[in-house]
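What the coordinates show
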Amino acid sequence: MGLTAPGPRTVLAVDAGNSKTDVAVVTTAGEVLATARGGGFRPPAVGVAAALDALAEPVARAFADAGVTGVTHVSACLANADLPVEEEQLAAALHARAWGTSVEVRNDTFAILRAGVAEPRGVAVVCGAGINCVGMRPDGRTARFPAIGRISGDWGGGWGLAEEALWHAARAEDGRGGPTLLARTLPAHFGLPSMYALIEALHLEHVDQHRRHELTPVLFATAADGDPVARAIVTRLAEEVTVLATVALTRLDLLDEQTPVLLGGSVLTAGHPQLNDTVRELLSSRAPKADVRVVTARPVLGAALLGLDRLGAGTAAQERVRGHWEAG
C-alpha cells in the first residue's frame, strides 16, 4: 500500500486491544468512510511484526471499503504500548507499513479518555483485565503510569482481583485466614466442592488458567451479598481508582478545576454499586471538582478524535464523527 494521494485529508483510527481491534477511516470533514474489526493485538506474545501483520487485515478491509490506499495520519491507540519507548518503537514499525504520511501511537487508555470528553482535557481510569490511568490537557501535557503490573506499583484489574479473591478464599478454607463466602462461591462457579478442588484444578490446568477472569464477577456478587472480605477487596479497588485519578489531576494542575474523570473498562462500566458509589464518595472529598462519568463509547472513537485533533479538524467535524458511533 502506498501513501495517500492528494485529496481530502484522512485519518486511520486504530483501537487495538488484547482481544479485538477496531479500525476506521475518517475525513477531517467528519465523515466516517469505513470501519473494520480484527483480532487482538499482542506484540509481547507474537512479536511486533506478527502483531502488525494481523492488524494489516482489518486495515486492508477498511481501506478497500473507503476507496483509499493510504491516509494523511495514523492515530493508533494500542494495548501493550505501556511506556513512551514502546510507543516510539510501535510508531516506527507502523510508519514502515506506509499506511499514512504521519503516525502517532498512544496507549489504548488514551482512546477511552478522548472518547469521553469534548476536548482533550481530563483524566481516565480504566479497569478491565488490568488497571491504568492517563490524563491530558489541550496544551499537550499528559500524565500517565507505567501500568505493567506489580513491579510498577499497580494493584487491581480483573486478573488481580481474581487472584486476591482466591488468596482470601484459600486461607479461609484451611484456617490461615478469617471466614469468607468466597471459599464457597469461587469453586462453585466451576462446579467444584471446595477451594482445595479449585486449587488443584487450576494448578493441573483442568480449569484453564485464562478462565480465572471469570471469578471477578463472582467476587462482586459475593460482595453484593454482604460478605465482609469481598466487600473489603472492592473498597480497596475504589481506593486505588481514587488515588490514580487524584495523582493524575495533581500532576496536570487540574485538582482545583472542574475536570472530567472518566471511568472505563469492563470492571468500572459493569455498574457495581459499591465500587462506583465508593469511588464517587472518595473523589468528592479528595477532588471535589472532579466530574465523574462512566464511559461506554467505543474507544475507536477516541482514536479518531485524537487523529482529528492532530490534523486541526474543527468542532463540527468532531461532533459528526462522535455522532456516527453514538448513533450506532
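This structure is a prediction, so every number in the text was calculated from the model and none was measured.

So, on to the sheet that holds strand E9 (residues 259–264). Each strand in a sheet pairs with its neighbour through backbone hydrogen bonds, running either in the same direction (parallel) or in the opposite one (antiparallel). Here we have 5 strands laid out as an open sheet, ordered E8-E7-E6-E9-E10, and mixed in their pairing. Each end of this open sheet is capped by a strand with a single partner; those strands are strand E8 (142–144) and strand E10 (290–294). Strand-to-strand twist in this sheet, taken as the mean axis angle between neighbours without regard to direction, amounts to 15°. Where strand E6 (residues 122–127) meets E9, 4 bridges bridge the pair, whose relative direction is parallel. Pairing of valine 123 across the sheet is with valine 261, part of E9.

What follows deals with the packing of aromatic side chains. To describe a pair of aromatic rings, one takes the distance between the centres and the angle between the planes. Inspection of every chain in the model, using the stated rule, returns 0 aromatic pairs. One cation-aromatic arrangement involves arginine 106 over phenylalanine 110; the distance from NZ or CZ to the ring centre is 5.2 Å. Positioned over the ring face of phenylalanine 145 is arginine 251, at 4.5 Å from the centre of the ring.

Before going further, it helps to examine the sheet that holds strand E2 (residues 20–27). Taken together, 5 strands build an open sheet; the order of strands is E3-E2-E1-E4-E5 and the sheet is mixed. Edge strands, defined here as strands with exactly one partner in the open sheet, are strand E3 (32–39) and strand E5 (100–107). Recorded for the sheet is a direction-independent mean angle of 15° between the axes of neighbouring strands. Judged from the 7 bridges that link them, strand E4 (residues 71–78) and E5 form a sheet pairing that is parallel. By the bridge assignment for E5, alanine 76 is matched with valine 105. Docked against the sheet, helix H2 (residues 48–66) engages strand E1 (10–16), E2, E3 and E4, running at close to 160° with respect to E3.

How each quantity is defined
Residues numbered from 1 in each chain as written. Predicted model: local features only at pLDDT ≥ 70, side-chain atom pairs only at ≥ 80, totals over all residues. Heavy atoms only, no water. Pairing = 2+ DSSP bridges. Helix = DSSP H or I, 4+ residues; strand = E, 2+ residues; numbered from the N terminus. Axes fitted to C-alpha atoms, helices over the stretch in contact; angles between N-to-C directions. Phe/Tyr/Trp six-rings, centres within 6.5 Å; stacked < 30°, edge-to-face > 60°. Lys NZ or Arg CZ within 6 Å of the ring centre and 35° of its normal. Contact = heavy atoms within 4.5 Å.

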